[in-house]
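# Observations on the three-dimensional arrangement
Residue-level listing of the chains:
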Amino acid sequence: MKMTKLKVNNLNSKYSIIIGRNILNRTSNQIKKICPGAQKIALVVDKNVPLKFKNKLKSNLKKYKVYIFEYTVNEKFKSFINVNKLVEKCLANNFNRNDILISLGGGILGDYSAFAASIIKRGINFINIPTTLLAQVDSSIGGKTGVNSKRGKNLIGSFYQPKLVISDIEVLKSLPQRELVCGYAEILKHSLILKINFFNWLNINSNKLLKNRNSNLLKKAVVESCKIKLHFVNKDVFEKNIRMILNYGHTFAHGIEAQNNYSKRINHGEAVIMGMMMATKLSYLKKICSLKTLNQLKNIYDSNHLKYDIKKFFKKNEYNQIANYMSADKKNNDKKINLILLKKIGTPIINREFNKHQIKLFFDKLLIN
């Protein structure tokens, strides 16, 4: 399989995203090019990453002084208290701005690690090696970092760009099926907000992606998703306008996750699957999209057995609290909720019409199958 290199080039940063199979052994050579003054590396690792990939990366970095920090990761781990512990460990080992913090894990660990890198001596070099499909197609790109507050998800953070992203497709073969579906949710989202041709491709190939884990198809899905995300990020690095379109389904999803207390009962991708369906149903109810568009989404959900009925997870008296969490979303700038709705496949719109009381009134209608 040929390696693909995507160049990120905007007013805020320049770096590469490398995508291919068995490419962890390229890490050291890349570091020589982009961080020639580095001597120390803080390798932050998710304990769930298979041992063979950890060992391969450790072996590749043997020319550097490597400090390994391994964690059991979940949403509750992503806190300011835990970030401070990592920061203090790096400071105790006298890391300077030429040194590097590398994340080897999923999106939660990447957000956590990048935030730590951004505040150590006002910023040390950061390299992201995402090991989940979700992280490869979404969270590793665009420079968002952050941790959770008791008041909501990702409310504490910064924008901090990596020096390099390495996405090894081979790692995806080790993922539990549920994690693969979690990443697929973001891939599907990308097709819905920009490219109907990509959506049509997913209609044909989703089964091979999710069941057979075909490497060539997985790579294409990752590359196309990265290109779509970069389309929005490069135009709006700090999420002031068009980049908000990437949050299609996410305002609902973040409310669902918060009400679920970030437990494993619903992971991020599953919440996004529910959120995209609710956003599209709201689009239909407001006559923004047609029944055809809603049915296109339902069909791809049903054909891939994607679960989107939140009634199976929450009681009716919890819906109001989901709306309350939605109103506290960091992307809102007044009493209105910023929602991304859909006119048709590939044509989203930013809607600032609804407040939490209106969303509460819509919930019963949104949950009709």
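As a reminder, the structure under discussion sits directly above these lines.
One structure accompanies this document, and this report is about it. These numbers come from a predicted model, not from an experiment.

### What about the overall build of the chain?
- The helix and strand tally for the chain stands at 13 helices and eleven strands.
- Once the C-alpha set of the chain is aligned to its principal axes, its extents read approximately 60 × 40 × 35 Å.
- Expressed as a percentage of the 369 residues in the chain, the buried residues total 59%.
- The contacts of the chain with a sequence gap of at least 6 include a subset with a gap of at least 24, amounting to 74%.

### Some remarks on the pairing of strand E1 (residues 4-9)
- Of the pairings in the sheet, the one linking E1 to strand E2 (residues 14-20) comprises six bridges and is antiparallel in character. Following the sheet pairing, Asn9 is matched in E2 by Lys14.
- The antiparallel hairpin formed by E1 and E2 contains four residues in its connecting segment.

### Points about the packing of aromatic side chains
- Counted according to the given criterion, the structure contains nine aromatic pairs.
- Measuring from centroid to centroid gives 5.7 Å for Tyr71 and Tyr112, while their planes differ by 70°, and the two rings are edge-to-face. Taken as a pair, Tyr71 in strand E4 (residues 65-71) and Tyr112 in helix H4 (residues 107-119) lie far apart in primary sequence, 41 residues in all. By the burial criterion, Tyr71 is buried, and Tyr112 matches it.
- Grouping aromatic residues by their ring pairs yields a cluster made of Tyr71, Phe77 and Tyr112.

### What to know about helix H11 (residues 291-303)
- Relative to the 18 Å expected for 13 residues at 1.5 Å per residue, H11 spans 18 Å between its end C-alpha atoms, a close match to the ideal helical length.
- In this structure, the buried side of H11 is in contact with helix H6 (177-193), helix H7 (196-212), helix H10 (268-285) and strand E10 (337-344).
- Phi for His305, located one or two positions after H11, is positive at around 55°.

### Things to note about the nonpolar core
- Core analysis: the biggest nonpolar cluster contains 76 residues, and Leu188, Tyr301 and Ile359 have the highest contact counts within it.
- Ranked by the residues each element gives to this core, the list is headed by helix H8 (residues 215-233), at ten residues.
- With near-sequence residues (within four places) excluded, Tyr301 lies in contact with Leu188, Ile273, Met276, Met277, Leu306 and Tyr308.
- Core analysis: the second largest hydrophobic core is formed by 23 residues, Tyr67, Tyr71, Val83 and Phe115 among them.

### Observations concerning unusual backbone geometry
- Positive phi, normally seen in glycine, also occurs at Asn22, with a value near 55°.
- One non-glycine residue, Arg213, lies in positive phi territory at about 55°.
- Mapped onto the elements of the fold, Arg213 is located in the loop between H7 and H8.

### Digging into the pattern of salt bridges
- All chains considered together, the criterion is met by twelve salt bridges.
- Salt-bridge contacts for Glu224 lead to Lys220; the nearest nitrogen and oxygen are separated by 4.0 Å. Of this pair, Glu224 and Lys220 both sit in helix H8, four residues apart, roughly one helical turn.

### Description of a positive patch on the surface
- Together, Lys5, Lys7, Arg26 and Lys33 make up a positively charged patch on the protein surface.
- Given the relative accessible area of 38%, Arg26 is considered partly exposed.

### Let's talk about the environment of Ile228
- Looking at the element boundaries, Ile228 is found in helix H8.
- The spacing of Ile228 and Ala185 is 43 residues in sequence and 14 Å in space, taken between C-alpha atoms.

Conventions we followed
- For every chain, the first residue of the written sequence is number 1, and numbering continues from 1 onward in sequence order.
- Only residues with pLDDT of at least 70 are given local features in this predicted model, and only at 80 or more are side-chain atom pairs given and counted; all residues enter the totals for whole chains, interfaces and linings.
- Values shown for side chains rest on all heavy atoms present in the structure; no hydrogens or waters enter the calculation.
- By the criteria applied, helices consist of DSSP H or I runs no shorter than four residues and strands consist of E runs no shorter than two, each listed in order from the N terminus.
- Burial status follows relative accessibility: with a 1.4 Å probe on protein chains alone, a residue under 20% of its type maximum counts as buried, one over 50% as exposed, and anything between as partly exposed.
- Contacts were defined at the residue level, with two residues in contact if any of their heavy atoms lie within 4.5 Å.
- For two strands to be treated as a pair, DSSP must find at least two bridges joining them.
- Paired rings are identified among Phe, Tyr and Trp, the last through its six-membered ring, by centres lying within 6.5 Å, and are further divided according to the angle between planes into stacked (under 30 degrees), edge-to-face (over 60) and tilted (the rest).
- The span expected for a helix works out to 1.5 Å for each residue beyond the first.
- To qualify as a nonpolar core, a set must consist of buried Ala, Val, Leu, Ile, Met, Phe, Trp, Tyr and Cys residues joined through side-chain atoms within 4.5 Å.
- A carboxyl oxygen of Asp or Glu within 4 Å of a side-chain nitrogen of Lys or Arg is what we treat as a salt bridge.
- Without a salt bridge and with relative accessible area above 30%, a residue can belong to a patch; like charges are then joined within 9 Å and nonpolar side chains (Val, Leu, Ile, Met, Phe, Trp, Tyr) within 5 Å.
- Residue burial considers only the protein chains on display, and all accessible areas are found by Shrake-Rupley using a 1.4 Å probe.
- Here the positive residues are Lys and Arg and the negative ones are Asp and Glu; neither His nor the chain ends is included.
- Each charge is placed at NZ for Lys, CZ for Arg, CG for Asp and CD for Glu.

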